[in-house]
There are 2 protein chains.
Amino acid sequence: MSALRFRNLSSLFLGPKGENAHFFENLLLEAFRDHVFWRRNFHPEDGFLVQEADRRRPEYEASQAVLSQELMSLLAELKAGVPFFSPRYIGHMTSDLTMASLIGYFATMLYNPNNVSADASPVTTRLELDVAAQLARMVGYPAERQWGHLTSGGTLANFESLWVARNIKYLPVAVHAAANEAGLRGLTVTLPSGRRADLQELDLWQLLNVEPGAALDLVDAFRARVGDGARAAQLIDRHSLAGLGSQEFGRVLAKDFGDALESAVVLVPSTAHYSWEKVCRALGVGGAQLVHVPVDSRFRMSADALQQRLESLAARRQPVLACVSVIGTTEESAVDRLDQVASVREWAGRELGLAFHLHADAAWGGYAAAITRAPDGRRHSYEEVVAGAAPEVWPEEGVYRALCALERTDSVTLDPHKLGYMPYPAGAICFRDKRVRELVSVDAPYVFHTGDNEGANIGRFILEGSKPGAAAAGVWMSHKVLPLDSEGYGRLITETAKGARALHRRLAGGDFLPFRLVLLPASDINIVCFAVGHPSLKTLEDNNAFVHRVYLAMSGSAKGAARRPDYYLTKTVLRRDQYGHAPDPLVQELGFTAQDYLRVGGLAVLRCTVMDPFLASPQGKVEHLKGFAETLRRVMESELRGEVS
Amino acid sequence: MSALRFRNLSSLFLGPKGENAHFFENLLLEAFRDHVFWRRNFHPEDGFLVQEADRRRPEYEASQAVLSQELMSLLAELKAGVPFFSPRYIGHMTSDLTMASLIGYFATMLYNPNNVSADASPVTTRLELDVAAQLARMVGYPAERQWGHLTSGGTLANFESLWVARNIKYLPVAVHAAANEAGLRGLTVTLPSGRRADLQELDLWQLLNVEPGAALDLVDAFRARVGDGARAAQLIDRHSLAGLGSQEFGRVLAKDFGDALESAVVLVPSTAHYSWEKVCRALGVGGAQLVHVPVDSRFRMSADALQQRLESLAARRQPVLACVSVIGTTEESAVDRLDQVASVREWAGRELGLAFHLHADAAWGGYAAAITRAPDGRRHSYEEVVAGAAPEVWPEEGVYRALCALERTDSVTLDPHKLGYMPYPAGAICFRDKRVRELVSVDAPYVFHTGDNEGANIGRFILEGSKPGAAAAGVWMSHKVLPLDSEGYGRLITETAKGARALHRRLAGGDFLPFRLVLLPASDINIVCFAVGHPSLKTLEDNNAFVHRVYLAMSGSAKGAARRPDYYLTKTVLRRDQYGHAPDPLVQELGFTAQDYLRVGGLAVLRCTVMDPFLASPQGKVEHLKGFAETLRRVMESELRGEVS
């Protein structure tokens, strides 16, 4: 294995010029033919369904001609797509994919397994559970207790985390009522202060401030006292929010406790992905209950602001449903100081009696946690992580600490189809405690009748039903070739992040005069954002419009562009209602005032996601950092003159 | 085109023995090489990233050796999978896939488009919208008004339908409050009776009984009166359930209207898929609000029972959030008489003043609606559909009428990855009225800034975010080769359904004595369910256990089975709490009493899903219907003796 310790990264992708096409083609044929011969070897005595004579009949040939023809036309259309594979594409988080994931996906698709239940996917269900266990190990959850699975994407993973958080928040209330109904006395529960208390003596505020693990322990204790697990589950369900529905549950709260307290809030950094609003609305938590905690100038959730917010919520006795910390914001790849956030949560439990679910939305950055793991599974020290990292030192120590702190959360979203370089659909959710599964499960009589291996029937415990086993195989293959440690994904992501640092340094040092180029702080992972301007652009409105034109000229969506841009980027708007004062320094450096920013409502910036691990160490004939800077300058010049580049 | 009118179905699948392997391999290579050369032609001057010399370095070869090695081991593992491709697999709804969808998926996966926004998928977003329009056309929704998209599966499609239904149910309440806040008077709304009424004069019961279209018209009228669309949306959102959250919304209802009425219910047939319970729980509607309407002896929702249920709900003034009708139940492929259900809805509006969303869960059977469409788009008469259908006449006229009635719903779930013979993930949802999109949309600043073509940014309007453009291309390709009409998918599904009829007839006429074999009524589409027993099995408990053993011996999940079964089937349990008295005749025919059934709580039956369009017309060397019956008999004999087959 020692020869393999330092994998050659360029050997694992198809390559911008299809450098590994021959190799991949062989794998493709191997996988395909292997499958075909599997078919032939299943009851060979059945004979061929189609005889050679049939095949030569005109309608047979005509049908296949239609298929060939339509494929050619699809292939022609696809070429109007975006060259994500190229080092010249530095836009969204899309890129070349690992050959391992592609071939794993394709090979498995031929077998058509459905991971809703092991019955329909005896092999790939196991691969999915393997993959989830690997992710949990990287995160640092206890192996015997964790539970996780793949989702169609990060939004559904986030949805599940909040679905669980909502159900667990109101669980002690349900157990309280169920114990009353069953006439059970003397159940105790651990409060955030560490004190144990009699369940029946808690008021509503206390019931809504039981830590997730303590709430699950309470259910275990209740089940043990009832004796019959099914009956215990029924009793709780009759009083649960999911069972009763929000409206009836609210009515019961008001009746039983007089004051139902204010609606529980979900705390997210103001940089949080828009899916959080979608999820809050869908779950009935309410868009108004999504509370944005301000970010600091590095676009990370401010731990101080979080602390203040928790204090004021506790003072008004408004419960907290969950706190979401972002590991890699979608627009800046900023990494919240999750270590500090987790400590604030502990402080809030101790000092304020507040308990809530802590979720890390690491859809973007989760795979970066691979840098913290040695191949033998132990945690690397920070010094080990950055040893020999010059000239670009990545990550900063705070990012390292945040990644290590993933183990202090209750759940984590992390998407293989983002920094895992794998095809869609492949999101993932990991939970610290597998007991949460029962909070969202329902019975499905026809699929789940094996009984002896419950965990294998993934569909029982998740929002989705039918799902591609091929996605699990793709992720599994990719993890085989690039394990979730510092020598596998850790190395790939380190090279990528260094590329982003190099681009940042190149733009910072570049001579764009008379244009202005104002960079956001160096990103925590792999995004470089910057505003551009020119002295002739007198208003922020004009400046934003200029940025938009530059974006159009350097994107695939340019309408009427006669040719493809030489380099691709994208853009975003730092909106006042989301970002607050964080962009003020940038606005000023650009020559405008904080008042301008307030008036306009946002600052348009260009945005480059570096996904190419070779950007900082070019091996082809072109220095892409230089090429990018030159193209940017040329486009700015022509857009300023109002010409089409 | 005339030569192509009657497609040869066996030319469109890889085939149970890989009969079309050579053809498919050529397509595969074509798609792959075409993609590679696309890469090479993008800035060829950049040169190759990997030089031949690099490629020969030991770590390069070692990395690729790992990949090859792991692929071989994956391929070996996959062979422990289930032979879905074979006519001998008659278990779950999984089967061979159209080559068109496989090659479309694979070819597009190489380009890695993400259909969250057109920016990341200029080609495949269009293909997805095309596909949705094709489905809507088959269903019969007005082309200029419909909206639809692909989902990861039927569960998410069902989720979206109920999410929309929930938001639209409470929309008139929100507009009522918003109009109050804005001081707007004189807005009118159409009641189910057809009468127009002043919005401000409606009581809560009336506000919760506005038909979906009328509620959307009300929003339009409100927006026109406010003048500013953004402000109108904000005003409504401030008073909406999604904005306020369920708890706060419930409190406002109680405050504003005194009595908040009982929680709104969702009516489903007792055969409904378990995902409906999951969805009701997740959305906060509540598991308790899911009301099962009894089914008749054909396992179809009873229109009489539905009518009675609506009457009693109206009498107690409990609102109805939605009614779900199932087109192809998961366990029997029974098709509700949607034509009758839709008429009951009209009656309830007229006579009871009840209004609610009508959804068709046609995840299973939706593609069967292709039989009702001629290639030119007009609707076939029933006589045209069954012309020349002997010896197996399919469908019955009631099924035909139900399929035609899809056009009378507000939304439909229909899954390409089920009767569309396409790879996962490919579910789909169609809405009659695209205005519903705004009820579930949120803004996403960084992806949706093109502005000029909103519909192309699918992610704004759906639950999921990132999603595979490859899935859209797979569906699109398959629809090209097999259009959604009687000569495309209609023919494929007709052949399949006839196969199920033939299997039913074979089992009904087979001599299994002394075993008992009791068939469910001939299925509406493609599932054959039957119970088996033997005089020596004296209790229903023993009989159910026997059925389970037969299932294990004829399934891929048999533990310790030395070899694969010759034929595969699956099983299900008709549970008393779901099915009520519908299985009574079967139980009696099996030699037990209705009391036995009540005591045991369920009847175990074997279940065969026919997906092979050639089952009724064998072209190979084996008569599979005969082979299946013989295997079943042999397995029953050996399982009765307690031996391992």
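Just so we're clear, the structure is a prediction, and the values are computed from it rather than from any experiment. (Residues numbered from 1 in each chain as written. Chains lettered and ligands numbered in written order. Predicted model: local features only at pLDDT ≥ 70, side-chain atom pairs only at ≥ 80, totals over all residues. Heavy atoms only, no water.)

**Details of the overall build of chain A**
So, step 1. The number of helices and strands found in chain A is 25 helices and 13 strands.
So, step 2. By the compact-globule yardstick of 26 Å for 645 residues, chain A fits well, its C-alpha radius of gyration being 27 Å.
So, step 3. Burial status across chain A gives 68% buried among its 645 residues.
So, step 4. Accessible area for chain A stands at about 20,800 Å²; split by element, carbon and sulfur atoms hold 50% of it. (Helix = DSSP H or I, 4+ residues; strand = E, 2+ residues; numbered from the N terminus. Rg over C-alpha atoms; globule rule 2.2 N^0.38 Å. Buried < 20%, exposed > 50% of the residue type's maximum accessible area, 1.4 Å probe, protein only. Areas by Shrake-Rupley, 256 points an atom, 1.4 Å probe, with all protein chains shown as cover.)

**Concerning the interface of chain A and chain B**
So, step 1. Between chain A and chain B, the residue contacts involve 180 residues of the former and 180 residues of the latter.
So, step 2. Summing both partners gives a buried area of about 15,900 Å² for chain A against chain B, and 63% of it is carried by carbon and sulfur.
So, step 3. With a closest N to O distance of 2.5 Å, B:R33 and A:E25 form a salt bridge.
So, step 4. Counting across the interface, chain A meets chain B through 76 residue pairs in polar contact (both at pLDDT 80 or more).
So, step 5. Looking at the side of chain A that touches chain B element by element, the count peaks at 17 residues for helix α1 (residues 21-40) of chain A.
So, step 6. Residue classes in the side of chain A that touches chain B are distributed as 88 nonpolar, 50 polar and 42 charged. (Contact = heavy atoms within 4.5 Å. Buried area = accessible area lost by both parts, 1.4 Å probe. Salt bridge = Lys/Arg side-chain N within 4 Å of Asp/Glu carboxyl O. Polar contact = N/O pair within 3.5 Å; in protein donor to acceptor, adjacent residues only side chain to side chain. Nonpolar A, V, L, I, M, F, W, Y, C, P; charged D, E, K, R; others polar.)

**Observations concerning the UniProt feature "modified residue: N6-(pyridoxal phosphate)lysine" (unreviewed entry) in chain A**
Residues and elements named next belong to chain A.
So, step 1. Taken from the UniProt record, the annotation "modified residue: N6-(pyridoxal phosphate)lysine" (unreviewed entry) applies to K418.
So, step 2. Along the chain, K418 falls in the loop between β8 (411-413) and β9 (427-431).
So, step 3. Ignoring anything within four residues of it in the chain, the contact list for K418 reads M93, A363, W364 and M611. (UniProt positions renumbered as here; feature names shortened; annotations may be inferred.)

**Some thoughts on the sheet that holds strand β11 (residues 527-533) of chain B**
Residue and element names in this part refer to chain B.
So, step 1. Across the sheet, which stays open at both edges, the 4 strands sit in the order β10-β11-β13-β12 with antiparallel pairing between neighbours. Each having just a single partner strand, β10 (516-519) and β12 (570-575) make up the two edges of the open sheet. On average, each strand axis in the sheet is tilted by 40 degrees relative to the strand beside it, whichever way the strands run.
So, step 2. Lying on the sheet, helix α20 (residues 540-553) is in contact with β11, β12 and β13 (602-609); it crosses β13 at an angle near 25 degrees.
So, step 3. Most of the contacts of helix α24 (residues 624-640) go to β11, to which it runs at about 30 degrees, and overall it touches β10, β11 and β13. (Pairing = 2+ DSSP bridges. Axes fitted to C-alpha atoms, helices over the stretch in contact; angles between N-to-C directions.)

**Remarks on the environment of A:Q588**
So, step 1. Looking at the element boundaries, A:Q588 is found in helix α23 (residues 584-589).
So, step 2. As a C-alpha pair, A:Q588 and A:V518 span 70 residues in sequence and 9.7 Å in three-dimensional space.

**Some remarks on the pattern of salt bridges**
So, step 1. Evaluated as defined, the whole model comprises 89 salt bridges over all chains.
So, step 2. One salt bridge in this structure joins B:R88 and A:D46, with 2.7 Å as the shortest N-O distance. Remark: A:D46 occurs in the loop between α1 and α2 (52-55) and B:R88 occurs in the loop between α3 (58-78) and α4 (99-109); the pair is interchain, linking two chains.
So, step 3. Of the residues examined, A:D46 reaches a relative accessible area of 5% and is grouped as buried.
So, step 4. Overlapping salt bridges bring together A:R145, A:D217, A:D220, A:R223, A:D433 and A:R435 as one network.

**Some details on the relation of the copies chain A and chain B**
For the pair of chain copies, the relating transformation is a rotation about an axis with a translation along it.
So, step 1. Laying chain A over chain B is done by rotating through 180 degrees and shifting 0.0 Å along the axis; what remains is an RMSD of 0.0 Å. The superposition of one copy onto the other is thereby described by a two-fold rotation axis. The position closest to the rotation axis in chain A is occupied by the C-alpha of A:L283, lying 2.4 Å away.
So, step 2. Counting the interface residues of chain A, we find that 100% of their copies in chain B are interface residues as well, pointing to one common contact surface. (Least-squares fit on C-alpha atoms with pLDDT ≥ 70 in both.)

**Quick look at the pairing of β9(A)**
Residue and element names in this part refer to chain A.
So, step 1. Counting buried residues along β9, 5 of its 5 residues qualify, which places the element largely inside the surrounding structure.
So, step 2. By the alternation rule, side chains of β9 split into G427, I429 and F431 and A428 and C430, which are all buried.
So, step 3. Here 5 bridges tie strand β1 (residues 147-151) to β9, and the two strands are oriented antiparallel to one another. In the sheet register, G148 faces β9, and the bridge partner there is C430.
So, step 4. Alignment of β8 against β9, held across 3 bridges, turns out to be antiparallel. Following the sheet pairing, S411 is matched in β9 by F431.

**A short note on the packing of aromatic side chains**
Any pair of aromatic rings gets described here by the distance separating the centres and the angle formed by the planes.
So, step 1. Tallied over the entire structure, the rule returns 33 aromatic pairs over all chains.
So, step 2. Here the aromatic rings of A:F106 and B:F106 are separated by 4.7 Å at their centres, their planes lie at 50 degrees, and the arrangement is tilted. Of this pair, A:F106 sits in helix α4 (residues 99-109) while B:F106 sits in helix α4, which puts the two residues in different chains. Each of the two residues, A:F106 as well as B:F106, counts as buried.
So, step 3. Geometrically, the ring pair formed by B:W38 and B:Y111 is tilted, given 4.7 Å between the ring centres and 45 degrees between the ring planes. Note that B:W38 is positioned in helix α1 (residues 21-40) and B:Y111 in the loop between α4 and α5 (122-139), a separation of 73 residues in sequence. (Phe/Tyr/Trp six-rings, centres within 6.5 Å; stacked < 30°, edge-to-face > 60°.)

**Some details on the domain arrangement of chain A**
So, step 1. According to the domain assignment, chain A consists of domain 1 (154-166 + 264-414), domain 2 (171-239) and domain 3 (491-640).
So, step 2. Here the C-alpha centroids of domain 2 of chain A and domain 3 of chain A sit 54 Å apart. (Domains from an automatic or database assignment.)

**With respect to the sheet that holds strand β10 (residues 516-519) of chain A**
All names here are of chain A.
So, step 1. Strand order in the open sheet formed by 4 strands is β10-β11-β13-β12, with antiparallel pairing between adjacent strands. The open sheet terminates on both sides in strands that have one partner only, identified here as β10 and β12 (570-575). Across the sheet, the mean angle from the axis of one strand to that of its neighbour is 40 degrees, orientation sign disregarded.
So, step 2. Inspection of the sheet shows strand β11 (residues 527-533) paired to strand β13 (residues 602-609) by 4 bridges, in the antiparallel sense. Pairing of C529 across the sheet is with R607, part of β13.

**Topic: the pairing of strand β6 (residues 320-326) of chain A**
Residues and elements named next belong to chain A.
So, step 1. By the criterion of burial, β6 is predominantly enclosed, with 7 of the 7 residues buried.
So, step 2. Note: strand β4 (residues 265-269) against β6, 3 bridges, orientation parallel. Note on β6: the bridge partner recorded for V266 is A322.
So, step 3. In this sheet, strand β7 (residues 357-361) lies alongside β6 in parallel orientation, the contact comprising 5 bridges. Paired with V324 across the strands is H359, a residue of β7.
So, step 4. Taken together, β6, helix α15 (residues 338-352) and β7 constitute a β-α-β crossover, and its handedness is right-handed. (Right-handed = clockwise from strand over helix to strand, strands pointing away.)

**A look at the packing of α1(A) against α1(B)**
So, step 1. Where α1(A) meets α1(B), the closest approach of the two axes is 11 Å, and the angle between their N-to-C directions is 165 degrees. One finds that α1(A) runs roughly antiparallel with respect to α1(B). Considering only the axes of α1(A) and α1(B), their crossing is right-handed. On α1(B), the residues that touch A:A21, A:F24, A:E25, A:L28, A:L29, A:F32, A:R33, A:V36 and A:R40 of α1(A) are B:A21, B:F24, B:E25, B:L28, B:L29, B:F32, B:R33, B:V36 and B:R40. (Parallel < 35°, antiparallel > 145°, perpendicular 65-115°, else oblique. Left-handed = near helix turned anticlockwise from the far one by under 90°.)

**Describing the environment of A:E407**
Residue and element names in this part refer to chain A.
So, step 1. Mapped onto the elements, E407 comes out in the loop between α17 (397-404) and β8.
So, step 2. Note: C-alpha distance between E407 and A136 (271 residues apart in sequence) is 8.7 Å.
So, step 3. Once residues within four sequence positions are removed from consideration, E407 is found in contact with V139, G140, Y141, R373, R379 and R432.

**Notes on the side chain of A:T631**
Residue and element names in this part refer to chain A.
So, step 1. One can find T631 in helix α25 (residues 624-640).
So, step 2. The exposure class of T631 is buried, given its relative accessible area of 4%.
So, step 3. A distance of 2.9 Å separates a polar atom in the side chain of T631 from the backbone oxygen of G627.
So, step 4. Contact partners of T631, with chain neighbours within four places excluded, come to M554, D566 and Y567.

**Observations concerning the confidence of the model for chain A**
So, step 1. Looking at chain A, pLDDT values average 92 and 95% of them are 70 or higher.
So, step 2. Long-range and interchain partners of residues 444-452 of chain A, a stretch whose pLDDT sits below 50, account for 30 contacts in this model, where long-range means more than four residues apart. (pLDDT = per-residue confidence, 0-100.)

**What to know about unusual backbone geometry**
So, step 1. Backbone torsion omega between A:L513 and A:P514 reads 5 degrees, so that peptide bond is classified as cis.
So, step 2. Within the secondary structure layout, A:P514 lies in the loop between α20 (489-509) and β10.
So, step 3. Look at the link from B:Y424 to B:P425: it is a cis peptide, with omega at -5 degrees.
So, step 4. Relative to the helices and strands, B:P425 resides in the loop between β8 (411-413) and β9 (427-431).
So, step 5. Despite not being glycine, B:R317 shows a phi value in the positive range, around 55 degrees.
So, step 6. Inspection of the secondary structure puts B:R317 in the loop between α14 (303-315) and β6 (320-326).

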